[in-house]
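In case you want the letters, here they are:
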Amino acid sequence: MASQAVDLELLQKSPEKVRRMFAEVARRYDLLNHLLSLGMDVRWRRVAARLAPRPLVGPVLDVCCGTGDLALAYWRASAQRAQIAGVDFCRQMIDIAQRKSSRLRITPPPLWMLADALNLPFVDGSFQVVCVAFGIRNVADPQKALREMTRVCQPGGQVAVLEFSLPQSSVIRSVYFWYFRRVLPRIGNVVSHNRSNAYGYLPASVIEFATGEAFLRQMAAVGLHNLTMRPLTWGIATIYRGTKP
């Protein structure tokens, strides 16, 4: 019963808690993403961007953009032509994304904005691609976030979600759970020096999140068509895609 109480506490997703948690880990967020995924997160974002509609001319919106890596992957996949934008409600993350893109001297410069995924500050049909990586499970209402992403997507455009998932193989799943529950939180919390147990929250939030066909049903419920999912690295992560009719 005690472990269940801890999990319930970890999974509280008030905006204030989530914002504080990401603010605390922002400085070492990229380092830990690469370290804890053994560099696979870079490949996963690259694959997601390569699955964008062609020609990819943009604009592209990265929701819950964090430090901007997914948006920049789409920019590279477009041969550096697509205009990109990113929104996040954590100022520390946005600041890092701005510094990162400034070093690349992107023209026109990306639009980085403080904004909530549940209330995107854009008119309907603004973007060719609306995407999110490892962020939708952190919002208080994932279904509403999907609805907002679909709203600002152009007709015929793509909504893409890259998210952690659960391996189907029982052997891989047992190793995955051991690493996720025992190793990742200890390394992540020590290296990031956070007080919010952000890397204990991560595996708890992944385990309780709807994945696979259940998540595709959520995408269908907001009106997306031509739904597909592509498991990555034995099902540790999955790319979900849908087209706005």
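All values reported here derive from a predicted model rather than from experimental measurement.

Student: Is there a simple way to think about the packing of aromatic side chains in this case?
Tutor: Under the definition given, this model contains 10 aromatic pairs. Centroid distance Phe134 to Phe164: 4.6 Å. Interplanar angle 35°. Geometry classified as tilted. Of this pair, Phe134 sits in the loop between β4 (127–133) and α7 (142–152) while Phe164 sits in strand β5 (residues 153–164), and the two are 30 residues apart along the sequence. The structure contains a cluster of three or more aromatic residues connected by ring pairs, namely Trp44, Phe134, Phe164, Tyr176, Phe177 and Phe180. Directly above the aromatic system of Phe89 lies the positively charged group of Arg19, at a separation of 4.4 Å from the ring centroid. Over the ring of Phe177 we find Arg181; its NZ or CZ atom is 4.7 Å from the centre of that ring.

Student: Looking at this structure, I do not really get the nonpolar core. What am I missing?
Tutor: Side chains that are nonpolar tend, in soluble globular proteins, to be buried together. Grouped together as the largest cluster of nonpolar side chains are 53 residues, with contacts concentrated most on Tyr74 and Tyr199. In terms of residues, this core owes the most to one element, helix α5 (residues 69–77), which gives 6 residues. Every residue in contact with Tyr199, bar those within four places of it in the chain, is listed here: Val25, Tyr29, Leu32, Leu36, Leu184, Pro185, Gly188, Asn189, Ser192 and Asn194. Among the nonpolar cores identified, the runner-up in size contains 28 residues, and Ala85, Val87, Ala117 and Val130 belong to it.

Student: How should I be thinking about unusual backbone geometry in this particular structure?
Tutor: Most peptide bonds are trans, and most residues other than glycine sit at a negative phi. Note the cis peptide between Arg54 and Pro55, where omega equals -5°. Residue placement: Pro55 occurs in the loop between α4 (40–50) and β1 (60–63). Here the amide bond leading from Thr107 into Pro108 is cis, since omega sits at -10°, within 30 degrees of zero. Tracing the backbone shows Pro108 in the loop between α6 (91–104) and β3 (111–114). Unlike most non-glycine residues, Leu38 shows phi in positive territory, near 55°. Among the structural elements, Leu38 can be located in the loop between α3 (29–36) and α4. Unusually for a residue other than glycine, Ala79 sits at a positive phi of about 60°.

Student: Looking at this model, I keep getting lost on the pattern of salt bridges. Mind explaining?
Tutor: Side-chain pairs of opposite charge can arise whenever the charged atoms involved come near each other. Within this structure, the stated rule accounts for 8 salt bridges. Where Arg45 meets Asp41, a salt bridge forms, and the shortest distance between an N and an O atom there is 2.8 Å. Of this pair, Arg45 and Asp41 are both found in helix α4, 4 residues apart, which corresponds to roughly one turn of the helix. A residue is classified by how much of its surface remains accessible, and Arg45, at 7% relative accessible area, is buried. Several salt bridges share partner residues, and in doing so they unite Asp30, Asp69 and Lys100 into one network.

What counts, and where the lines are drawn
- For every chain, the first residue of the written sequence is number 1, and numbering continues from 1 along that sequence.
- At least 70 in pLDDT is required for a residue's local features to be given in this predicted model, at least 80 for side-chain atom pairs to be given and counted, and no such filter applies to totals for whole chains, interfaces and linings, which use all residues.
- No hydrogens and no water enter the side-chain calculation; it runs on all heavy atoms of the structure.
- For this analysis, a ring pair means two rings from Phe, Tyr or Trp (six-membered ring only for Trp) whose centres lie within 6.5 Å, classed as stacked if their planes differ by under 30 degrees, edge-to-face if by over 60, and tilted for the remaining angles.
- Helix numbers and strand numbers start at the N terminus; a helix is a DSSP run of H or I with at least 4 residues, a strand a run of E with at least 2.
- Two conditions define a charge located above a ring, namely a distance within 6 Å from the ring centre to NZ of Lys or CZ of Arg, and an angle within 35 degrees of the ring normal.
- Only buried residues count toward a nonpolar core. Its members are Ala, Val, Leu, Ile, Met, Phe, Trp, Tyr and Cys residues joined through side-chain atoms within 4.5 Å.
- Buried, partly exposed and exposed residues are distinguished by accessible area as a fraction of the type maximum, computed with a 1.4 Å probe on protein chains only: under 20%, between the cut-offs, and over 50%, respectively.
- When checking whether two residues touch, look at their non-hydrogen atoms; a contact exists if any pair is within 4.5 Å.
- Here, a salt bridge means any Lys or Arg side-chain nitrogen found within 4 Å of an Asp or Glu carboxyl oxygen.

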